[in-house]
Amino acid sequence: MKSINYPGLLERALKMVVKDALNYAKINGLGDNTHFYITFRTRDPGVVIPDFLRMRYPEMMTIVLQYSYSNLNVSDEEFGVTLTFDGRPFYIRIPYDSMVEFKDPSVDFMLQFHPQTQMDAGNDLELPLDADSPKPAQDDGRIISLDDYRKHRKG
């Protein structure tokens, strides 16, 4: 018989605290000093950020929700928001499962999360090969000419 995964239950409950705080900010806005620092893993499945940010932050990134954000959308599994990077607005999407930390320094509040290790090749960065990955095929010395597959035209 399996035991109850209390750490997993607690982590899920704490992510709902983040969801509720984001919903509150969506409906009521943030107060004068309130701001959220959200650190997340940039390569986790479901994370949507511009490629230039993923290259700049290949592992983790922290965003700040305070003054200049818009289009805050909150769902049961993720949130999305428009933020400005390099002077241009970008809509990003962050699953709660990719969060590492949530802070509201205005009230000295912080939550830390321990996301499961997941690697996703759904971006333009090359992932390291692990020992179980199939090895590239060895060159057997054969040369294949593309001319063999082209239609020959008579001119």
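In what follows, the structure referred to is the one given above.
Residues numbered from 1 in each chain as written. Predicted model: local features only at pLDDT ≥ 70, side-chain atom pairs only at ≥ 80, totals over all residues. Heavy atoms only, no water.

## Details of the overall build of the protein chain
In step 1: Along its length, the protein chain carries two helices and seven strands.
In step 2: Its helices and strands taken in sequence order, the protein chain reads α-β-α-β-β-β-β-β-β from the N to the C terminus.
In step 3: Expressed as a percentage of its 155 residues, the buried residues of the protein chain come to 31%.
In step 4: Of all intrachain contacts in the protein chain linking residues separated by at least 6 positions in sequence, the fraction that spans at least 24 positions is 55%.
In step 5: Carbon and sulfur atoms make up 52% of the accessible area of the protein chain, which amounts to about 11400 Å² in all. (Helix = DSSP H or I, 4+ residues; strand = E, 2+ residues; numbered from the N terminus. Buried < 20%, exposed > 50% of the residue type's maximum accessible area, 1.4 Å probe, protein only. Contact = heavy atoms within 4.5 Å. Areas by Shrake-Rupley, 256 points an atom, 1.4 Å probe, with all protein chains shown as cover.)

## A closer look at the pattern of salt bridges
In step 1: Following the criterion strictly, the structure yields seven salt bridges and no others.
In step 2: Between aspartate 86 and arginine 56 there is a salt bridge, with the nearest N and O atoms lying 2.9 Å from each other. Of the two residues, aspartate 86 is situated in the loop between strand S4 (78-85) and strand S5 (88-95) and arginine 56 in helix H2 (residues 51-56); the sequence distance between them amounts to 30 residues.
In step 3: Arginine 56 sits in the partly exposed class, given a relative accessible area of 43%.
In step 4: As a salt-bridge pair, glutamate 101 and lysine 103 come within 3.5 Å of each other at their nearest N and O atoms.
In step 5: Among the charged side chains, a salt-bridge network with shared partners connects Glu11, Lys15 and Asp97. (Salt bridge = Lys/Arg side-chain N within 4 Å of Asp/Glu carboxyl O.)

## Examining helix H1 (residues 6-28)
Residue pairs three or four apart in sequence face the same way in an α-helix, which turns once every 3.6 residues.
In step 1: In this model, H1 (23 residues) spans 33 Å end to end at C-alpha, consistent with the 33 Å of a helix rising 1.5 Å per residue.
In step 2: Of all the residues in H1, the buried ones are Glu11, Lys15, Val18, Lys19, Leu22 and Ala25.
In step 3: Looking at the buried positions of H1, the neighbouring elements they touch are strand S1 (36-41), strand S2 (60-65), strand S3 (69-74), S4, strand S6 (99-104) and strand S7 (109-112).
In step 4: Measuring from the backbone nitrogen of glycine 8 back to the side-chain oxygen at the start of H1 gives 2.9 Å, which picks out asparagine 5 as the cap.
In step 5: Immediately beyond the C-terminal end of H1, within one or two residues, lies glycine 29, with a positive phi of roughly 80°. (Expected span 1.5 Å × (residues − 1). Polar contact = N/O pair within 3.5 Å; in protein donor to acceptor, adjacent residues only side chain to side chain.)

## Some words on the sheet that holds S2
Strands belonging to one sheet form pairs held by backbone hydrogen bonds; the direction of such a pair is parallel or antiparallel.
In step 1: In spatial order, the strands read S2-S1-S6-S7; together these four strands make up an open sheet with antiparallel pairing. Among the strands making up the open sheet, the edge pair consists of S2 and S7. Taken over all neighbouring pairs, the strand axes of this sheet differ in orientation by 10° on average, direction set aside.
In step 2: Here S6 runs beside S7; their pairing, made up of four bridges, is antiparallel. Paired with aspartate 104 across the bridge in S7 is phenylalanine 109. (Pairing = 2+ DSSP bridges. Axes fitted to C-alpha atoms, helices over the stretch in contact; angles between N-to-C directions.)

## So, the sheet that holds S5
In step 1: With antiparallel pairing, three strands are arranged side by side in an open sheet as S3-S4-S5. A single partner strand is all that each edge strand has here, and the edge strands are S3 and S5. Averaged over all neighbouring strand pairs, the angle between strand axes comes to 20°, with direction disregarded.
In step 2: Summarising the sheet, S4 and S5 pair through eight bridges and their orientation is antiparallel. Paired with valine 81 across the bridge in S5 is isoleucine 92.
In step 3: Contacts from H1 reach S3 and S4 within the one sheet, and its direction differs from that of S3 by about 130°.

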